[in-house]
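# Structural overview for review
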Amino acid sequence: MNKTKEKVAFICVHNACRSQVAEALGKHLAGNVFESYSAGTEVKEQINPDAVRLMKQLYGIDMEKSQKPKLLEALPPVDIVITMGCNVTCPYLPAKRREDWGLEDPTGKADDEFIDFIKTVEGKIIELRDSLTK
């Protein structure tokens with residue numbers, strides 16, 4: 001059976017940290033189940049350097065090689081929208097499923113707190129993957 005993969009968009013304000021980590025882990029842990037994208041309502045010049053460093057250290061993923069901050073307009077039509085917990089009014093994107101993960105931005109936090117955030121995202125990606133394979 002050749003089923004089309006769901007397209008998942010991870011959304012936050014700047015598309016520099018939380019949504020980038022979710023996109024990278026989605027590709028790494030669930031690329032066989034869904035396609036991962038990320039975007040923001042505004043963009044920063046670069047992905048958070050601590051996120052880049054820790055994702056390399058923990059998973060061997062170099063987000064700077066495969067990803068860059070982008071606006072919502074750069075997204076293809078998606079099936080699932082996941083907001084990271086923007087603490088602002090998150091934009092509306094048409095989708096058949098929506099979730100808000102309510103994650104605090106780890107920017108500027110110590111490595112152990114940043115790693116806790118990354119591991120939380122990992123768990124949520126696995127839950128999402130498993131929910132789509134039932």
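This text follows the structure it describes.
These lines cover the structure that appears in this document, whether it is placed above or below. (Residues numbered from 1 in each chain as written. Predicted model: local features only at pLDDT ≥ 70, side-chain atom pairs only at ≥ 80, totals over all residues. Heavy atoms only, no water.)

### Regarding the sheet that holds strand β2 (residues 34-40)
Ordered by their spatial adjacency, 4 strands build an open sheet running β2-β1-β3-β4, and the pairing between neighbours is parallel. In the strand order of this sheet, the two ends are held by β2 and β4 (97-100), each with one partner. The average undirected angle you get between the axes of adjacent strands in this sheet is 20°. Relative to β4, strand β3 (residues 80-83) is paired through 4 bridges, and the arrangement is parallel. (Pairing = 2+ DSSP bridges. Helix = DSSP H or I, 4+ residues; strand = E, 2+ residues; numbered from the N terminus. Axes fitted to C-alpha atoms, helices over the stretch in contact; angles between N-to-C directions.)

### A closer look at the nonpolar core
Core analysis: the biggest nonpolar cluster contains 31 residues, and Phe10, Val21, Phe34, Met55, Met63, Ile118 and Val121 have the highest contact counts within it. Taken together, the elements giving at least two residues each to this core come down to β1 (6-12), α1 (18-30), α2 (49-59), β3 and α4 (111-132). Considering each element in turn, this core owes the most residues, 7 residues, to α4. Residues within four places of Ile118 in sequence aside, it is in contact with Val21, Leu25, Leu54, Met55, Leu58 and Tyr59. Residues Ala39, Leu72, Leu75 and Val78 belong to the second largest nonpolar core, which totals 8 residues. (Core = buried A, V, L, I, M, F, W, Y, C linked by side-chain atoms within 4.5 Å. Buried < 20%, exposed > 50% of the residue type's maximum accessible area, 1.4 Å probe, protein only. Contact = heavy atoms within 4.5 Å.)

### Considerations on the side chain of Gln20
By the secondary structure assignment, Gln20 is in helix α1. On the accessibility criterion, Gln20 (0% relative accessible area) is buried. Of note is the side chain of Gln20, whose polar atom sits 2.6 Å from the side chain of Gln67. Looking at Gln20, its side chain comes within polar contact range of the main-chain oxygen of Lys68, at 3.2 Å. (Polar contact = N/O pair within 3.5 Å; in protein donor to acceptor, adjacent residues only side chain to side chain.)

### Structural notes on the packing of aromatic side chains
Under the counting rule described, the total for this entry stands at 2 aromatic pairs. Measuring from ring centre to ring centre gives 5.7 Å for Phe10 and Trp101, while their planes differ by 50°; the resulting arrangement is tilted. With a gap of 91 residues between them, Phe10 in strand β1 and Trp101 in the loop between β4 and α4 connect regions that are remote in the sequence. On the basis of relative accessibility, which here comes to 0%, the residue Phe10 falls in the buried class. A ring pair is formed by Phe114 and Phe117, whose centres lie 6.1 Å apart and whose planes are at 90°; its orientation type is edge-to-face. One end of the pair is Phe114 and the other is Phe117, both in helix α4 and 3 residues apart, which spans about a single turn. Here Phe117 falls in the buried class, since its relative accessible area comes to 7%. (Phe/Tyr/Trp six-rings, centres within 6.5 Å; stacked < 30°, edge-to-face > 60°.)

### Topic: the pairing of β2
Across a regular strand the side chains alternate sides, sitting on one face of the sheet and then on the other. Of all 7 residues in β2, 5 are buried, a share of seventy percent or more. Relative to β2, β1 runs parallel, the two sharing 7 bridges. Pairing of Phe10 across the sheet is with Ser38, part of β2. Since β1 and β2 lie parallel, the crossover through α1 that links them has a hand, and here it is right-handed. (Right-handed = clockwise from strand over helix to strand, strands pointing away.)

### Points about the environment of Asn48
Structurally, Asn48 is set in the loop between β2 and α2. Take Asn48: its relative accessible area is 9%, and that puts it in the buried class. Along the sequence, Asn48 and Glu35 sit 13 residues apart, while their C-alpha atoms lie 22 Å from each other. Beyond its immediate chain neighbours, meaning those up to four positions away, Asn48 contacts Ala16, Cys17, Thr107 and Phe114.

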